Amino acid sequence: MASQNLSKTAIKPDNAELITLQVLRRERLSPHFARVTLGGEELRRFTPMGFDQWFRLFIPVGDGATLARVPARLTTMSYLKFLTVSKATRPVLRNYSVRAYRPHGPELDIDFVLHGSPSDGTAGPAATWAQSCAPGDLVALLDEGIGFNPDPSLTHVRLIADETGLPAMAGILASLPPDTRGHALIELPDQADRQDLTAPPGVQIDWLIRPSGTTPGTLALHTALELPTPPTPFF
């Protein structure tokens, strides 16, 4: 099995610049997923890279939050300076994966995992925003590229994720060469959270429904450890 340090193998975008986008629409996909579609003229400066492309998303939540002091680049110093901004005006910063990108428009989909409920205050600020944002609401995005960059000689994969990794898993599966073989294990809290995925015909996808009260990821990891080791090197 190949192991790698993502910080060493990650592929950064050629031009990672801060872009301001607007909400086009939102959709409740299933009990634990909501999708927000972003667009705007600045999205034309975004370069889709496929696989597990991820970005930093600045979300103004609350009446006083703005994008006025979001850093154009996120370094240690700029992040520390960003943290000095008052919480009343500082946007929430979270990391997300590209669920889908469509050049017509253009449009970019983000899938949010929903934990807790906005009505009783148990949902986080990003999940609450994903269920309440409106067309025209502004966010800022800073592209960080992809982390999935295995040795090209490896044609066999074993991919494991819980629901928080499903968007990245979907991107990887859709970007794999068509002759790739392997196994993808995806753990979910509810059968209704399953999604239609595109993958090479030689990659088997198994959906694992986590029993209530089980620590997320445990079922997927234990299932993966019980699978036979492939006869050839794999990622």
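Summary of the structure given here. (Residues numbered from 1 in each chain as written. Predicted model: local features only at pLDDT ≥ 70, side-chain atom pairs only at ≥ 80, totals over all residues. Heavy atoms only, no water.)

**Some details on the sheet that holds strand β10 (residues 202–209)**
Then, in step 1: Strand order in the open sheet formed by 3 strands is β8-β9-β10, and the pairing between neighbours is parallel. Sheet topology places β8 (156–161) and β10 at the edges, where each strand pairs with a single neighbour. Across this sheet, the average inter-strand angle for adjacent strands is 10°, counted without regard to direction.
Then, in step 2: Looking at chain direction, β8 and strand β9 (residues 181–188) are connected through 6 bridges and run parallel. Paired with Leu159 across the strands is Ala184, a residue of β9.
Then, in step 3: Helix α5 (residues 218–226) rests against β8, β9 and β10 of the sheet, and its axis sits at about 150° to β9. (Pairing = 2+ DSSP bridges. Helix = DSSP H or I, 4+ residues; strand = E, 2+ residues; numbered from the N terminus. Axes fitted to C-alpha atoms, helices over the stretch in contact; angles between N-to-C directions. Contact = heavy atoms within 4.5 Å.)

**Regarding a nonpolar patch on the surface**
Then, in step 1: On the surface, a cluster of nonpolar side chains totalling about 390 Å² of accessible area is made up of Met77, Tyr79, Leu80 and Leu83.
Then, in step 2: With respect to the element layout, Leu83 can be found in helix α2 (residues 76–83). (Patch = residues over 30% accessible without salt bridge, like charges linked within 9 Å, V, L, I, M, F, W, Y side chains within 5 Å. Areas by Shrake-Rupley, 256 points an atom, 1.4 Å probe, with all protein chains shown as cover. Salt bridge = Lys/Arg side-chain N within 4 Å of Asp/Glu carboxyl O.)

**Focus: the pairing of strand β1 (residues 19–30)**
Then, in step 1: Summarising the sheet, β1 and strand β7 (residues 138–145) pair through 4 bridges and their orientation is antiparallel. Paired with Thr20 across the bridge in β7 is Ala140.
Then, in step 2: Linking β1 back to strand β2 (residues 33–39) in an antiparallel pair, the connection comprises 2 residues.

**A few points about the sheet that holds β2**
Then, in step 1: Taking strand neighbours across the sheet as the criterion, the 7 strands line up as β4-β3-β7-β1-β2-β6-β5 in an open arrangement whose pairing is antiparallel. Lying at the two open borders of the sheet, with one neighbouring strand each, are β4 (92–97) and β5 (100–102). When strand polarity is set aside, the average angle formed by the axes of neighbouring strands in this sheet is 35°.
Then, in step 2: Direction of pairing for strand β3 (residues 54–59) relative to β4: antiparallel, over a ladder of 6 bridges. Of the residues in β4, the one forming a bridge with Leu57 is Arg94.

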